[in-house]
Amino acid sequence: MPIPGELEKYRRVSAKDRVLMWLQEWITDGTLQPGEKIVDGELAEAIGVSRTPVREALQMLELQGFVEMKPGKETRVTGLSRRDATHLYPTLAALESLAAEEAAGRITPETLALLKEYNEEFARAIRDRDRKRALEWDERFHRSIVETAANPYISDFTTVLQLHIKRLKFVFFGSSMVPAQVSVSEHREIIEALEEGDGTRAARCVKQNWLRAMETVMHQLQRREEKHLRGGDGDEREA
């Protein structure tokens, strides 16, 4: 089982949370591939903890849909299919559009300034075709809106959904797909709606941002499958 060596940044949190964050990251970025077996003893030894926090973290991951556990037998990373995109994106779009509607009445000048900064950095990363940075700034942008809504239920659910979508992109596309430039314009429309306190428009713009991305991902997945059947390699670039 592949286990990255750089583990120091998580040392200050509890053992269970540390294992949980590591496994979420490794499953999300494809270090642990769909269907891969997770050996709790091997993992515990590598991280330097007992098996108890590892098992607790795996139970949490099972609830989040990242692993499948068969007591007394084995634990494996859950599989992924094109159908997952049709479940993930509309759900996240609905939740984040609600968050945007609620955030419109709570937004502050400071948060608006942050959103504008995040979107500028997002645009710069896209121009540089730096996929990792682009995804990080995009996540910060959306997370700021959710945090402004101050609805813990939306926050909890969207955090897990974001991880699943990130995983889907990494597993299917590797490093070849970066967000599309049109996302920058969509973000500007969201900021404008929030600045005007127009919750209905903000919700509509957020939903459009996610569903447009879903259409692109679905199209690229279809192209990828067609090229695979023909024996060619896909070259997916924007979502």
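Reading the values: the criteria
- Residues numbered from 1 in each chain as written.
- Predicted model: local features only at pLDDT ≥ 70, side-chain atom pairs only at ≥ 80, totals over all residues.
- Heavy atoms only, no water.
- Phe/Tyr/Trp six-rings, centres within 6.5 Å; stacked < 30°, edge-to-face > 60°.
- Helix = DSSP H or I, 4+ residues; strand = E, 2+ residues; numbered from the N terminus.
- Buried < 20%, exposed > 50% of the residue type's maximum accessible area, 1.4 Å probe, protein only.
- Lys NZ or Arg CZ within 6 Å of the ring centre and 35° of its normal.
- Axes fitted to C-alpha atoms, helices over the stretch in contact; angles between N-to-C directions.
- Parallel < 35°, antiparallel > 145°, perpendicular 65-115°, else oblique.
- Left-handed = near helix turned anticlockwise from the far one by under 90°.
- Contact = heavy atoms within 4.5 Å.
- Nonpolar A, V, L, I, M, F, W, Y, C, P; charged D, E, K, R; others polar.

Colleague: A description of the packing of aromatic side chains should follow, citing residues and the corresponding values.
Modeller: The final tally for this structure, using the stated rule, is three aromatic pairs. Plain terms: the ring middles of tyrosine 89 and tryptophan 210 are 6.1 Å apart, the flat faces sit at 55 degrees to each other, and that makes the pair tilted. Taken together, the residues span a long stretch of sequence, with tyrosine 89 in helix 4 (residues 82-103) and tryptophan 210 in helix 9 (residues 199-230) at a distance of 121 residues. Judged by its relative accessible area of 4%, tryptophan 210 falls in the buried class. The interplanar angle of 40 degrees and the centroid separation of 5.6 Å between the aromatic rings of tyrosine 118 and tryptophan 137 together place this pair among those described as tilted. On the criterion of sequence distance, the pair formed by tyrosine 118 in helix 5 (residues 109-127) and tryptophan 137 in helix 6 (residues 131-149) is long-range, its members being 19 residues apart. In this structure tyrosine 118 comes out as buried when scored by relative accessible area, which is 12%. Look at tryptophan 137 and you get buried, because its relative accessible area is 15%. Arginine 131 extends its terminal NZ or CZ atom over the ring of phenylalanine 170, reaching a point 4.2 Å from the ring centre.

Colleague: An account of the packing of helix 6 against helix 8 (residues 182-195) is needed here, citing residue identities and associated values.
Modeller: Where helix 6 contacts helix 8, the axes come no closer than 12 Å and their chain directions differ by 20 degrees. With respect to their mutual orientation, helix 6 and helix 8 come out roughly parallel. The hand of the helix 6/helix 8 crossing is left-handed. Taken together, the residues of helix 8 that come into contact with helix 6 (itself represented by Asp138, Phe141, His142 and Ile145) are His187, Ile190, Ile191 and Leu194. A breakdown of the residues in the contact of helix 6 with helix 8 according to their chemical character gives five nonpolar, two polar and one charged.

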